[in-house]
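# Observations on the model geometry
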Amino acid sequence: MKEGEYRMGERELKKPHFVFIHGAGGGSWCWYKIKCLMQNSGYTVTCIDLKGAGIDLCDPSKILSFDEYNKPLIDFLSSLPDHEQVVLVGHSAGGLSVTDASHKFPKKIALAVYIAAAMLKHGFSTEQDVKDGFPDVSEFGDVFDFEFGLGPDQPPTSGIVKKELERKLLYNMSPLEDVTLASMLLRPAPLYALQRAEFKERTESVEKVPRVYIKTMYDRVLKPEQQDKMIAKWPPSNVYVIESDHSPNFSNPFVLCGILVNAYVSMGHTCT
């Protein structure tokens, strides 16, 4: 039997391929703990750098459309054979990427997983969508350092959480070494593009993609009550709860991996 396959009765089934999408300002590096754990358990894992993120050299302030920002994920899914399916996992703003992909490639996604993520069927198409799915950090005061690539009288094109607030907001339960790593690698997020993520094609095929939501209990960025509103508005098949800050990939990776596998199995798939 080939590596990455397992036997169930007389059939040989391939373990699922997990594809991970980072949040705003992150990169594929955000998933290093999860990738290590899941690969050691025999799963195929791909972590994508979106445009202007991770090792992609594009200037985030020059990314002015969500389609441009999400192009690396769309290109990846386009390259997959028609018969191949993946488990698509999005964290935070990565949820927008997952939904966009679910509209465009519903047959290639075996399961969509949203981790403390913006789960909005049509993106930011209404004011309520913005209230539910965009981080509300107003209680913490002046949180972001902005860049104004279109001029000082225009909306900011990119932004990043101030260094002194990263741990308090993003990683309040995460190990210090991960906070340090993130502080070194976080990049400005293309806010102009993200705020214009609206999926105008409005295909109903998106409903054919099974979805689960992983709610982060001690999240200071996308608050639990915001997550609850998105869950109520567009109910997924299952909701899991994890004791973590906004970044369970750092603060609770073992439990997160267990939830991911369980979520796949709960959809009627088989894993060993």
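Anything mentioned here points back to the structure above.
To start, this report covers the structure provided alongside it. Computed from a predicted model, the values in this text were never measured in an experiment.

A few words now on the overall build of the protein chain. Of the regular secondary structure elements, the protein chain holds ten helices and ten strands. The C-alpha radius of gyration computed for the protein chain amounts to 18 Å, which stays within 12% of the reference 19 Å derived for 272 residues, consistent with globular compactness. Burial statistics for the protein chain: of 272 residues in total, 54% are counted as buried. Pairs at least 24 apart in sequence give 71% of the contacts found in the protein chain among residues at least 6 apart. A total of about 12,300 Å² of accessible surface is found on the protein chain, and carbon and sulfur atoms cover 54% of it. The centroid of the 30 positive side-chain charges in the protein chain is displaced by 3 Å from the centroid of its 35 negative side-chain charges.

It is worth spelling out the side chain of Asp129 at this point. With respect to the element layout, Asp129 can be found in helix α4 (residues 127-133). On the basis of relative accessible area, Asp129 is assigned to the buried category, the value being 5%. Reaching out from Asp129, the side chain makes a polar contact with the side chain of Ser125 at a distance of 2.9 Å. When near neighbours in sequence (up to four residues on either side) are disregarded, Asp129 contacts Leu120, Gly123, Phe124, Phe134 and Lys233.

Moving on to the side chain of Lys121. Structurally, Lys121 is set in the loop between β6 (109-115) and α4. Separated by 3.2 Å, the side chains of Lys121 and Glu204 make a polar contact. Contact partners of Lys121, with chain neighbours within four places excluded, come to Thr99, His103, Phe199, Glu204, Val206, Glu207 and Trp234.

Below, the discussion takes up the sheet that holds strand β10 (residues 238-242). Pairing is parallel across the open sheet formed by six strands, whose spatial order is β4-β3-β5-β6-β9-β10. Both edges of this open sheet fall to β4 (44-48) and β10, since each of them pairs with a single strand only. Each strand axis lies, on average, 20° off the axis of its neighbour in the sheet, ignoring direction. Alignment of strand β3 (residues 17-21) against strand β5 (residues 86-91), held across four bridges, turns out to be parallel. Of the residues in β5, the one forming a bridge with Phe18 is Val87. Where helix α1 (residues 32-40) meets the sheet, it contacts β3 and β4, and its direction lies at approximately 160° from that of β4. Across the face of the sheet, helix α10 (residues 253-266) comes into contact with β3, β5, β6, β9 (211-216) and β10 while running at roughly 170° to β10.

Here is what the cut-offs are and how they apply
Residues numbered from 1 in each chain as written. Predicted model: local features only at pLDDT ≥ 70, side-chain atom pairs only at ≥ 80, totals over all residues. Heavy atoms only, no water. Helix = DSSP H or I, 4+ residues; strand = E, 2+ residues; numbered from the N terminus. Rg over C-alpha atoms; globule rule 2.2 N^0.38 Å. Buried < 20%, exposed > 50% of the residue type's maximum accessible area, 1.4 Å probe, protein only. Contact = heavy atoms within 4.5 Å. Areas by Shrake-Rupley, 256 points an atom, 1.4 Å probe, with all protein chains shown as cover. Lys, Arg positive; Asp, Glu negative; His and termini not counted. Charge placed at Lys NZ, Arg CZ, Asp CG, Glu CD. Polar contact = N/O pair within 3.5 Å; in protein donor to acceptor, adjacent residues only side chain to side chain. Pairing = 2+ DSSP bridges. Axes fitted to C-alpha atoms, helices over the stretch in contact; angles between N-to-C directions.

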